[in-house]
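This is what each chain is made of:
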Amino acid sequence: MLLLLACWVARVPSAPVAPPPPPPQPEDPDALITWIIAEDPLLRHVRRPEPAASLPAPIAAWLAASLPAWEVEEEYAGTITVPLLRGARLLELEQRGGQTLPIADLGLLAPLSPPTAVPPEGARPILDALGGPDADGLLTMSERQVLLGWMDGPAIDLQPLQRLLDDPRYSRLVQSPAGITLYSRIQNKKEEGKGEEGSKALREASLRALRQVIADSDAEQASWRKEREQLRETLGVQGDPVDYLLQDAQQKLSADAGNDRSVGQALVAQVALRWREGCPDLPCGGLDRGLALQAPRRWGAGAEAALWEVIVGKDLLDHFEVAWGRPSAIYAQDHLVEWLTGTLHPDARLLVFPQPDSASLLSLSRLLGHEGLTDFEGFHGLLRSRLRGQVEALEWRKDTDFAPELERLLRKLK
């Protein structure tokens, strides 16, 4: 009987143990960030402090913001506001559980303006402009944005992340390109030799990529193919040599992430690989690749970021021209929209058009400050003019290696 009684007692469920209450909100601004982050480096499940006049302005701005709040992120660029807002957007996407998004919610992925009208007739699926990612792919894109948000500027305190990213649960994040650079920054790694090698690799990749996008004629393309094969032999690689150089650059620059400019250049190499669809953390898109070229400027890599805006712009300009009148033209237009999100806020409705037409060209031309352009030739000329202005502003025009290529590009854009 005693044995039976002992078994019965053992099976009586114990009372649930209440989780310990959160620690009190600290008054010290430095400690406040650690308190807010709690246990989530992706900032989905955070503690929200009580509004008070003593709160730092970036924290107060985050608390008061209503999503998607890209205008708040722009106002507080380079501060803790950026990753906090991106974590909130990620949580919104997670809570959808893979459900179809309305057009307006594309603004959770990029700084787009709300749609100005109902979807056009024959509208595409909402995520078609992103390549139709599944729910996991969509979250990968948004998680990457949060990691990049932590590196939106050198003034963001990263030390509260140290204990979290050391946890094996987050090894997947640390092993991503953005995570590698972020973790190296937290550890204040400084390998000047690696940084110099990475900078040279980025420079070489940029010069070769520039030549590639300038090669328009049959003769120029034949010359580029020959140059590419020679570069493959020199590097001893089988794949794309420009992608190889960019990968090499981001790895070596990340090893020197204690230096601001190395972080900026590593971020440029990462987004360049994404534009070239050569990133290891698929999917490479995300509607934010134009936006991702803005943060490097705050790290001292503005010249490299501006150069890649031009390289990408020339490539997109050519693709749009070649694809016009074909089914693939809509995807060329999607990429143009993403390129423009770096500095402008395109209408989200543009990303569900079934094909480019006078209405989409009118919307894009208005975005660029011109009224009434509804034909392809007029809009294409507007894009060439914009790109020409960007080329003319490049510091690289004073560089002996880049100057001849950029002058050749200017002649092509007249």
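Parameters and conventions
Residues numbered from 1 in each chain as written. Predicted model: local features only at pLDDT ≥ 70, side-chain atom pairs only at ≥ 80, totals over all residues. Heavy atoms only, no water. Disulfide = S-S within 2.5 Å. Buried < 20%, exposed > 50% of the residue type's maximum accessible area, 1.4 Å probe, protein only. Axes fitted to C-alpha atoms, helices over the stretch in contact; angles between N-to-C directions. Helix = DSSP H or I, 4+ residues; strand = E, 2+ residues; numbered from the N terminus. Parallel < 35°, antiparallel > 145°, perpendicular 65-115°, else oblique. Left-handed = near helix turned anticlockwise from the far one by under 90°. Contact = heavy atoms within 4.5 Å. Nonpolar A, V, L, I, M, F, W, Y, C, P; charged D, E, K, R; others polar. 1 Å grid on protein atoms, 1.4 Å probe; cavity = no way out; pocket = protein on both sides within 12 Å on 5 of 7 lines; lining within 4 Å. Points joined across faces, edges and corners; volume = space filled by probe spheres on them.

1. Points about the state of the cysteines
A complete count under the given rule lists 1 disulfide for this structure. Two residues, Cys279 and Cys284, share a disulfide whose sulfurs are 2.1 Å apart. Classification of the bridge connecting Cys279 and Cys284 rests on its S-S torsion, roughly -110°, and on that basis the disulfide is left-handed. A single burial state applies to Cys279 and to Cys284, both of which are buried.

2. Re the packing of helix α10 (residues 192-214) against helix α11 (residues 218-235)
Viewed as axis vectors pointing N to C, α10 and α11 meet at an angle of 155°, and their least axial separation amounts to 9 Å. Looking at the two axes, α10 sits roughly antiparallel to α11. Along this stretch, α10 crosses α11, giving a crossing that reads as left-handed. Residues Arg208, Arg211, Gln212 and Ile214 of α10 lie in contact with α11, whose contacting residues are Glu220, Trp224, Glu227 and Leu231. Of the residues contributing to the contact of α10 with α11, the split by class is 3 nonpolar, 1 polar and 4 charged.

3. A look at the layout of surface pockets
If a probe the size of a water molecule is rolled over the atoms, the empty space left behind becomes visible. As a volume, the largest pocket reaches approximately 730 Å³. Lining the largest pocket are 28 residues; nearest its centre among them are Gln212, Val213, Asp315, Leu316 and His319. Of all the secondary-structure elements, those providing two or more residues to the lining of the largest pocket are α10, α11, α15 (302-323) and α16 (329-340). In terms of residue count, the dominant contributor to the lining of the largest pocket is α15 (10 residues). Within the lining of the largest pocket, the residues separate by chemical class into 13 nonpolar, 5 polar and 10 charged. Here the second largest pocket defines a volume of roughly 390 Å³.

4. Focus: unusual backbone geometry
Following Leu67, the chain continues into Pro68 via a peptide bond in cis, with omega recorded as 10°. In this structure, Pro68 sits in the loop between α3 (57-64) and α4 (70-75). Residue Leu282 is joined to Pro283 through a cis peptide bond whose omega torsion reads -5°. As for its position among the elements, Pro283 is in the loop between α13 (260-275) and α14 (295-298). Phi at Ala38 is positive, roughly 60°, even though this residue is not glycine. Notably, Asn188 is not glycine yet its phi reads approximately 55°, a positive angle. The residue Asn188 is located in the loop between α9 (177-186) and α10 in this model.

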